Every structure is written in C-alpha cells, then in structure tokens.
Amino acid sequence: MSRLFLTCLILTMLPACISGGTERTPQDEGPFEPHEYVEMVMASPVIIRVYARSETTARKAVRAAFDRMHALETTLSDWIPESESNRLERAAPEAIEISDDLRDALTLSRALWQKTDRAFDPTIGPLVELWRTSRKTGRLPEDDEISAARRRIDFNSIEVLGKAARITRTEVELDFGAIGKGIALDAAGSILDAHGLNRHLINFDGEILVGDRPPERASWQIKLIPDDTS
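Counting restarts for each chain: residues are numbered from 1 in the order of the written sequence. Only residues with pLDDT of 70 or above have their local features reported here, since the model is predicted, and side-chain atom pairs are shown and tallied only from 80 upward, although totals for entire chains, interfaces and linings are computed over all residues. Only hydrogens and water are set aside; all other atoms, that is, all heavy atoms of the structure, feed into the side-chain values.

Regarding the nonpolar core
For this analysis, a nonpolar core means a set of buried residues of the types Ala, Val, Leu, Ile, Met, Phe, Trp, Tyr and Cys, connected via side-chain atoms within 4.5 Å. Remark: exposure states derive from per-residue accessible area (1.4 Å probe, protein chains only) relative to the maximum for the residue type, with buried under 20%, exposed over 50%, and partly exposed in between. The biggest cluster of nonpolar side chains holds 39 residues, and the ones touching the most others in it are V46, I48, F66, M69, L106, F176 and L192. Elements with a minimum of two residues in this core: β1 (33–41), β2 (44–52), α1 (55–76), α3 (100–115), β5 (164–167), α6 (180–194) and β6 (200–204). Residue contacts for L192: discarding those within four places in its chain leaves I48, V50, A61, V62, A65, L197, N198, H200 and I202. Secondary structure elements are defined from DSSP: runs of H or I of at least 4 residues count as helices, runs of E of at least 2 residues count as strands, and each element is numbered from the N terminus. Here, two residues are considered to be in contact whenever any of their heavy atoms come within 4.5 Å of each other.

See the structure below:
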C-alpha cells in the first residue's frame, strides 16, 4: 500500500542584519543564520531548524528542545517498558502519583474523547496491538480477537485524582500515538521560544510546527513530496 510521507524541504533563506541600540553579548551580535539539527525521538526523525545569531545559542536551545521531547517520550510511550503510562497500567486498579505531563495528556485526551463523541480514545491500545501483530504476521485478526480487544477499551476507567491517577480495571492499555507527537511539538516550540529563538520550524516525521517567519521572508516555504514506496 502506498503511503504519503510529508517531507519538509526548507529553501535557503537570506540572513537579516539586525542593528539596534541595546547592549548585546558577543554571541548575540551579527546576522541571523540558519542552523539545522536532526535527532531520533519516538523512533522517528525530528528536524529542528532555527535562526540564531550564533551556533552556541542555537545548539543550546535545540538541545533543550530535544531533551524536552525525550522526557515526554519516557512519559507517554507504550514502547518503553518503564514509561510512566506503562507504570500506570501495571498499577491498576491502584492509584499512583503522576507527573504534570501525564496529567495534562490525560486531561487533553478526555476533552478530545468528549468532543469527538468517543471517536478518539487513548485506551485503544489493545486494538493497536492487534494490528501491529497483523503487520508482522500478515494475518488479519479474527472477529473474536477484535471483539475481545474492544471490550478492553474503556476510557471511563481512567481517573485523575489530583496529583495521582488510576485505571480502575486491569487489561486497559493506553496509547497516546494520536496526540503524542503533537504534544512533543508544542513543548519543543515553547522551549525554543523561551530561549529567544522564535524563528523556528520543527518537522517531526511529517508533522510540522512553525514559529515566526524566517528573516527577510514572508513565510516558511514547505514542499510536500509523495513517497510511492510500499
């Protein structure tokens, strides 16, 4: 089956020379220059392109952004055995203390669950696991396997209790795959903004977040290239 992967190609931008009367440190002087970094997060490539006046400034900010994305991965991942979401599953039906990141993800999930009339459900993990197995074996799941997985989907079993949370029944599996990358993108963008690098673009394996436009350009320019490989 053909798939379309969104690949971000950033055209070469002309730097803008900035002048002003405020006092600057040496690393804050000079024109904005593009800097690009690539790192794997959630088993997917992340490209961060920023405009900064120095390599030192760019590298420090982007390192912090990548670290923030990795921290969210260890919170939300269903692949990492000791992730926080997996620990919450294993503790069921007991409550455990959770981080602000997991609480925010659960709160956002409930809002989306309600707004979509339950079409979005982060407890869809059992069904996702069925289809992962099907991809490996080449065998479609049987109807009774699908029915059994559906019976384990139950977002009503998730309770957030202040600084703690619990899943009131066992065999419920969380999967934040539908929103995890978006959460990580927003967090990384906020980190770059906090470091003063508001001119940035983050391409998370085709999911893209942009900040302010590059110097001397009206907007970011993004090209979508179809990939016909199966």
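As for the pairing of β1
Should DSSP find at least two bridges between two strands, the strands are taken to pair. Across 9 bridges, β1 lies against β2 in antiparallel orientation. For E39, the partnering residue across the bridge sits in β2 and is V46. Following β1, the chain reverses through 2 residues before pairing antiparallel with β2; M42 in that reversal takes a positive phi of roughly 55°.

Comments concerning helix α4 (residues 125–137)
To estimate how far a helix should reach, multiply one less than its number of residues by 1.5 Å. The end-to-end C-alpha distance of α4, which contains 13 residues, comes to 18 Å, matching closely the 18 Å that a straight helix rising 1.5 Å per residue would cover. Those residues of α4 that sit buried are G125, P126, L127, L130, R132 and S134. Next to the buried residues of α4 lie α5 (143–151).

Examining the sheet that holds β6
Spatially, 4 strands are ordered β1-β2-β6-β7 in an open sheet, and the strand pairing comes out antiparallel. Taken across any chain shown, the strands that pair with only one partner, and hence form the sheet edges, are β1 and β7 (207–210). The mean angle between the axes of side-by-side strands here comes to 10°, regardless of whether they run parallel or antiparallel. Sheet topology note: the β2/β6 ladder contains 5 bridges and is antiparallel. Residue V46 lies in a different strand from β6, and its bridge partner there is F204. Orientation is described by lines fitted to C-alpha atoms, with helices fitted over the stretch in contact, and by angles between N-to-C directions that extend from 0 to 180 degrees. Across the face of the sheet, α1 comes into contact with β1, β2 and β6 while running at roughly 25° to β1. Here α6 sits on the sheet in contact with β2, β6 and β7, set at roughly 155° to β6.

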